[in-house]
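Residue-level structural notes
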Amino acid sequence: MASALRPASVRSLRVVPLNIPLRVPFGISRGSLDFAANVLATVELSDGTVGYGEAAPFPAYNGETQSAALEQLAGAASGIAGRDATDWKGISAEFRARAGSACGAAACALETALLDAVTRREGVPLWRYFGGAGTELETDMTVTTGTPEEAGRAALDIRRRGIRSIKVKVGGPGGANADMARISAIVEAAPDSPLILDGNAGIGRADAWHLVTALKSRGISPALLEQWLPKEDLEGMRALGLDSGWKVAADESVTTAADALAVARAGAANVINIKLMKAGIVEALEVVSVARKAGIGLMIGGNIESILAMTVSACFAAGQGGFAFADLDTPLFMAENPFDGGYSMEGGLISVAHILSGHGVVPLGA
Ligand SMILES: [Mg+2]
């Protein structure tokens with residue numbers, strides 16, 4: 001976290017809904033979305049510099065909603081005028097204390113807008129602000145829930161885009177047999193793709209072991225078993241990793257640094273999927289620090305986010321360095337892009353090297 005930033009007084013915070021239609025519904029084991037019901041936060045500094053932040057609540061993931069995020073951020077708008085935006089961590093801590101526990105996406109939007117404004121003002125790109133370790137990441141792309149035929153077609157489409165690593169949502173209706181049918185169709189379409197199998201905490205122990213057995217009998221070795229079991233079942237996660245011999249990632253199990261510490265102590269995961277939307281950027285930095293100390297690998301992911309929020313996550317992970325897994329594909333699922341700028345993508349390779357100040361994303365026409 002390099003640069004010293006000059007104090008910068010906040011003039012205003014404005015908040016509006018950001019609704020973006022999806023090309024196809026985005027399904028996970030516990031629900032699905034037809035459009036991204038997000039929130040755009042705009043911070044203006046007293047010198048006229050503007051910064052933008054996005055909240056992407058995902059009700060099926062953790063119960064946060066667009067209406068709650070709008071309300072939480074509108075509540076912060078009145079008290080923020082005159083505050084020093086470089087104290088973004090302090091402003092965020094007060095916001096989170098007032099808004100309660102389910103405000104991760106809103107906190108992320110507020111922190112992003114403040115950070116974007118102060119780094120734009122200084123001409124510092126966010127990837128450099130976050131450490132400057134690097135500017136590139138290789139992202140996977142997700143096959144969401146659907147029939148085996150749809151999954152096979154989606155896998156072909158992913159390979160045609162030049163993306164190598166495939167993430168598959170598992171644990172939907174139909175249990176291990178339905179999952180195996182979809183996974184088999186994907187492996188047939190993309191035999192050499194590393195597979196990340198994401199259960200979104202929707203698989204019970206019996207079904208989990210069943211699925212491991214079925215995968216082994218087909219000779220399929222996933223690169224990562226992401227959060228198959230309920231988020232509290234740290235013991236089960238540890239056993240799943242030991243019994244399968246495959247890497248286990250914690251996603252829903254880790255929102256805060258305290259959660260990361262519990263996962264580390266239980267030996268429950270080899271990798272933690274960090275998302276800025278879970279509890280905001282301040283907390284995500286703490287999770288990274290706990291994971292590094294515990295020797296746990298780093299993954300960057302997100303909710304159903306536009307290029308704005310995903311560029312911030314790309315700057316975070318590339319700038320911090322050491323992220324072996326990246327899942328920053330959701331702009332590809334959107335039917336419209338209401339923004340200019342953001343990360344560039346060639347095949348699965350994301351780059352933020354061209355971003356010269358802040359996150360570099362602005363609303364069309366701004
Ligand atoms: Mg996940």
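Residues numbered from 1 in each chain as written. Predicted model: local features only at pLDDT ≥ 70, side-chain atom pairs only at ≥ 80, totals over all residues. Heavy atoms only, no water.

1. Comments concerning the pattern of salt bridges
Going through the model one piece at a time under the given rule, you end up with 18 salt bridges. For Lys 167, the salt bridge goes to Asp 198, with nearest N and O atoms at 3.4 Å. Highlighted residues: Lys 167 in strand E6 (residues 166–169) and Asp 198 in strand E7 (residues 195–198), separated in sequence by 31 residues. Comparing Lys 167 with Asp 198, the two get one shared label, buried. In this structure, Asp 198 and Lys 169 form a salt bridge, with 2.8 Å as the shortest nitrogen-oxygen distance. Highlighted residues: Asp 198 in strand E7 and Lys 169 in strand E6, separated in sequence by 29 residues. (Salt bridge = Lys/Arg side-chain N within 4 Å of Asp/Glu carboxyl O. Helix = DSSP H or I, 4+ residues; strand = E, 2+ residues; numbered from the N terminus. Buried < 20%, exposed > 50% of the residue type's maximum accessible area, 1.4 Å probe, protein only.)

2. With respect to the coordination of the magnesium ion
Coordination of the magnesium ion by the protein involves Asp 198 (OD), Glu 226 (OE) and Asp 251 (OD), with metal-donor separations of 2.2 to 2.4 Å. Counting residues between consecutive donors of the magnesium ion along the chain gives the motif D-x27-E-x24-D. Within this pair, whereas Asp 198 is found in strand E7, its partner Asp 251 is found in the loop between strand E9 (248–250) and helix H10 (257–266), the two being separated by 53 residues in sequence. For the pair Asp 198 and Asp 251, a shared accessibility class is recorded, and that class is buried. (Donors = N, O, S within 2.8 Å, 3.2 Å for Na, K, Ca; no water.)

3. Some words on the sheet that holds strand E4 (residues 136–138)
Across the sheet, which stays open at both edges, the 3 strands sit in the order E4-E15-E14 with antiparallel pairing between neighbours. A single partner strand is all that each edge strand has here, and the edge strands are E4 and strand E14 (344–346). On average, adjacent strands in this sheet sit at an angle of 25° to one another, irrespective of strand direction. Where E14 lies against strand E15 (residues 349–351), 3 bridges are found, and the strand directions are antiparallel. Counterpart to Ser 344 in the pairing with E15 is Ser 351. (Pairing = 2+ DSSP bridges. Axes fitted to C-alpha atoms, helices over the stretch in contact; angles between N-to-C directions.)

4. Quick notes on the packing of helix H3 (residues 88–99) against helix H12 (residues 281–294)
Their axes nearest at 9 Å, the elements H3 and H12 cross at an angle of 105°. It follows that H3 is roughly perpendicular to H12 by the angle criterion. Residues Trp 88, Lys 89, Ser 92 and Arg 96 of H3 form the contact with H12, whose participating residues are Ile 281, Val 282, Glu 283 and Leu 285. Here the residues of the contact of H3 with H12 are counted per class, giving 4 nonpolar, 1 polar and 3 charged. (Parallel < 35°, antiparallel > 145°, perpendicular 65-115°, else oblique. Contact = heavy atoms within 4.5 Å. Nonpolar A, V, L, I, M, F, W, Y, C, P; charged D, E, K, R; others polar.)

5. Considering the pairing of strand E3 (residues 50–55)
Every regular strand shows the same layout, with side chains that alternate between the two sheet faces. Summarising burial for E3: 5 of the 6 residues are buried, a large majority. Direction of pairing for strand E2 (residues 31–45) relative to E3: antiparallel, over a ladder of 6 bridges. Note on E3: the bridge partner recorded for Leu 40 is Glu 54. Connecting E2 to the next strand, E3, in antiparallel fashion are 4 residues, including Gly 48 with a positive phi near 95°.

6. Regarding the side chain of Lys 169
Residue classification places Lys 169 among the buried residues on the basis of a relative accessible area of 6%. Dropping the residues within four chain positions of it, Lys 169 is found in contact with Phe 26, Gly 27, Ile 28, Thr 142, Val 143, Thr 144, Thr 145, Arg 182, Asp 198 and Asn 200.

7. What about unusual backbone geometry?
Here the phi dihedral of Ala 201 falls at roughly 65°; this positive angle occurs in a residue that is not glycine. Considering the arrangement of structural elements, one finds Ala 201 in the loop between E7 and helix H8 (205–217).

8. A look at the nonpolar core
Generally speaking, soluble globular proteins have nonpolar side chains that are buried together. Within the largest apolar cluster, 124 residues are counted, with the highest numbers of intra-cluster contacts made by Trp 228, Ile 281 and Phe 316. Here this core takes 11 residues from helix H4 (residues 104–122), the largest share from any one element. Both of domain 1 (10–123) and domain 2 (128–363) provide at least three residues apiece to this core. Dropping the residues within four chain positions of it, Trp 228 is found in contact with Val 170, Leu 197, Gly 199, Ala 201, Gly 202, Ile 203, Ala 208, Leu 211, Val 212, Leu 215 and Leu 240. Ranked by size, the runner-up nonpolar core spans 6 residues in total, among them Ile 196, Leu 224, Met 299 and Phe 325. (Core = buried A, V, L, I, M, F, W, Y, C linked by side-chain atoms within 4.5 Å. Domains from an automatic or database assignment.)

9. Quick word on helix H6 (residues 148–160)
Each α-helix winds once per 3.6 residues, and so residues spaced three or four apart point in a common direction. An ideal rise of 1.5 Å per residue puts 18 Å on 13 residues; H6 measures up with 18 Å between its terminal C-alpha atoms. Regarding H6, the residues found buried are Ala 151, Gly 152, Ala 155 and Ile 158. The buried side chains of H6 occupy one side of the element, clustering within an arc of 120° when seen end-on. Looking at H6, the residues exposed on the side facing more than 90 degrees away from the buried face are Glu 149, Arg 153 and Arg 160. In this fold, the buried residues of H6 make contact with strand E5 (141–143), E6 and helix H7 (175–189). At the C-terminal side of H6, Gly 162 shows a positive phi close to 85°. (Expected span 1.5 Å × (residues − 1). Arc of directions from axis to C-beta.)

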